[in-house]
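# Structural overview for review
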Amino acid sequence: MNLPFKPLHVSSLKEACVSRLESLILSGELKPGERLPSEREFAAALGVSRPVLHEALVDLEAKGLVSILPRRGVQVSDFRKSGSVAMLSTLLAFNQGALDPQFIKSLFAMRVLMETETARLAALHASPEQIAELDALLQRERDCSRANVAGLTEVDFDFHLALAIISGNLIYPLILNSFKNVYTHLTGSFFQLVQGSEVLRDVHAYHVRLVEAVRNRQPDLAAEIMSNLLRHGETLLKGSMPEFPGR
């Protein structure tokens, strides 16, 4: 197998192993179903110990990139069939932070599906204390400078997470937290794109209307506002990405 297994010389050899193998798999150099060399041979090629390599392979298996088969070695997996949410950050890192159009389209579709439901449920279940928390987040948003991309990104995530928690569904906030890095990368790119513009006022207006729908126990309206908010952001990102699918 003629693959670029060069010795690794970095502070965290395990993470370097993980990164190297992720790159080989996601680039297609290692294909689903392909068997990796024995751990002894592979460790020698990478210039690391077998325990370090084994720990890296365990991490990759948890992400759904490989399968460790007893007495049969390690096999590359199709992450679309076996991958976990940890793959979201991996895919983003593999693209070196670039917003891959198909990846973003898929993420938006997932967000619309899940977050319209969190908004609907929040309008059904929100307590007075939780509504007060949403009001406090709106105030944080108002107080944040339009030029403060990091601050806007943080309060936006906290707002959506609060709605997920208020929904009463234990899984939704865990899903949101599990890909926080990807989520904030996307929203950060959005706020960078519209930095200082009137679009930020429009986003805040959506948030205000959404909180009012929650306050007034209007689940269908809350879901509609959330859907419109997310599609508003998607439309603006499409406009800045000529290669965006379906543009």
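As the structure is a prediction and not an experimental result, all values here were calculated from the model.

Take the overall build of the protein chain next. Check the secondary structure of the protein chain and you find 12 helices and two strands. Expressed as a percentage of the 247 residues in the protein chain, the buried residues total 45%. Contacts in the protein chain between residues far apart in sequence, at least 24 positions, make up 67% of those at least 6 positions apart.

To continue, consider helix H8 (residues 149-166). An ideal rise of 1.5 Å per residue puts 26 Å on 18 residues; H8 measures up with 26 Å between its terminal C-alpha atoms. Positioned one or two residues after H8, glycine 168 has a phi angle of 85 degrees, which is positive.

The next point concerns helix H11 (residues 199-215). With 17 residues, H11 should cover 24 Å at 1.5 Å per step; its first-to-last C-alpha distance of 24 Å lies within 8% of that length. Of all the residues in H11, the buried ones are Val199, Leu200, Val203, His204, Tyr206, His207, Leu210, Val211, Ala213 and Val214. One or two residues past the end of H11 sits arginine 217, with phi positive at roughly 55 degrees.

This part takes up the pattern of salt bridges. Enumeration according to the criterion identifies 11 salt bridges in this entry. Arginine 111 is the partner of glutamate 115 in a salt bridge, and the nearest nitrogen-oxygen pair spans 2.8 Å. In this pair, glutamate 115 and arginine 111 are both assigned in helix H6 (residues 101-125), four residues apart and thus about one turn of the helix distant. We note a salt bridge from arginine 120 to glutamate 117, for which the minimum N-O separation is 2.8 Å. Residue arginine 120 and its partner glutamate 117 are both found in helix H6; the two are separated by three residues, about one turn of the helix.

Alignment of strand E1 (residues 66-69) against strand E2 (residues 73-76), held across four bridges, turns out to be antiparallel. Paired with valine 66 across the two strands is valine 76, which belongs to E2. With antiparallel pairing between neighbouring strands as the criterion, E1 and E2 make up a hairpin whose turn holds three residues, including arginine 71 at a positive phi of roughly 65 degrees.

It is worth spelling out the packing of helix H7 (residues 128-143) against H11 at this point. Orientation of H7 relative to H11, taken along the N-to-C sense of each, is 170 degrees, at an axis distance of 10 Å. The pairing of H7 with H11 is recorded here as roughly antiparallel in orientation. Each of Ile131, Leu134, Asp135, Leu138, Glu141 and Arg142 in H7 lies in contact with H11, whose residues at this interface are Val203, His204, His207, Val208, Val211, Val214 and Arg215. Partitioned by chemical class, the residues of the contact of H7 with H11 number seven nonpolar, two polar and four charged.

Turning next to the packing of H7 against H8. In contact at an axis separation of 10 Å, H7 and H8 are set at 170 degrees when each is read in the N-to-C sense. The angle between the axes of H7 and H8 places the two elements in the roughly antiparallel class. Packed against H7, whose contacting residues are Gln130, Glu133, Leu134, Leu137, Leu138, Arg140 and Glu141, the element H8 presents Glu154, Val155, Asp158, Phe159, Ala162, Leu163 and Ile166 at the interface. Each residue belonging to the contact of H7 with H8 can be placed in one class, and the counts come to eight nonpolar, one polar and five charged.

On to the environment of leucine 107. Its location among the elements puts leucine 107 in helix H6. Leucine 107 sits 75 residues away from valine 182 along the chain, and the two C-alpha atoms are 9.3 Å apart. When near neighbours in sequence (up to four residues on either side) are disregarded, leucine 107 contacts Phe179, Val182 and Leu186.

This next bit is on the packing of aromatic side chains. Under the criterion given, the structure shown has three aromatic pairs. Look at phenylalanine 157 and tyrosine 183: their rings are 5.2 Å apart centre to centre, the planes differ by 80 degrees, and that puts the pair in the edge-to-face class. Placement of the pair is phenylalanine 157 in helix H8 and tyrosine 183 in helix H10 (residues 180-193), with a sequence separation of 26 residues. Grouping residues by exposure puts phenylalanine 157 and tyrosine 183 together as buried. A centroid spacing of 6.4 Å and a plane angle of 40 degrees characterise the contact between phenylalanine 179 and tyrosine 183, whose relative ring orientation is tilted.

What follows covers the confidence of the model for the protein chain. The pLDDT averaged across the protein chain works out to 86; a share of 88% of its residues lies at or above 70. At the level of individual helices and strands, the protein chain shows its lowest average pLDDT in helix H5 (residues 86-94), which scores 70, and its highest in H7, which scores 97.

The next subject is unusual backbone geometry. Within the chain, arginine 71 stands out as a residue other than glycine whose phi angle is a positive 65 degrees. For arginine 71, the location among the structural elements is in the loop between E1 and E2. Of note in the backbone geometry, arginine 217 takes a positive phi value of approximately 55 degrees without being a glycine. Relative to the helices and strands, arginine 217 is located in the loop between H11 and helix H12 (219-240).

Rules of the game
- Residues numbered from 1 in each chain as written.
- Predicted model: local features only at pLDDT ≥ 70, side-chain atom pairs only at ≥ 80, totals over all residues.
- Heavy atoms only, no water.
- Helix = DSSP H or I, 4+ residues; strand = E, 2+ residues; numbered from the N terminus.
- Buried < 20%, exposed > 50% of the residue type's maximum accessible area, 1.4 Å probe, protein only.
- Contact = heavy atoms within 4.5 Å.
- Expected span 1.5 Å × (residues − 1).
- Salt bridge = Lys/Arg side-chain N within 4 Å of Asp/Glu carboxyl O.
- Pairing = 2+ DSSP bridges.
- Axes fitted to C-alpha atoms, helices over the stretch in contact; angles between N-to-C directions.
- Parallel < 35°, antiparallel > 145°, perpendicular 65-115°, else oblique.
- Nonpolar A, V, L, I, M, F, W, Y, C, P; charged D, E, K, R; others polar.
- Phe/Tyr/Trp six-rings, centres within 6.5 Å; stacked < 30°, edge-to-face > 60°.
- pLDDT = per-residue confidence, 0-100.

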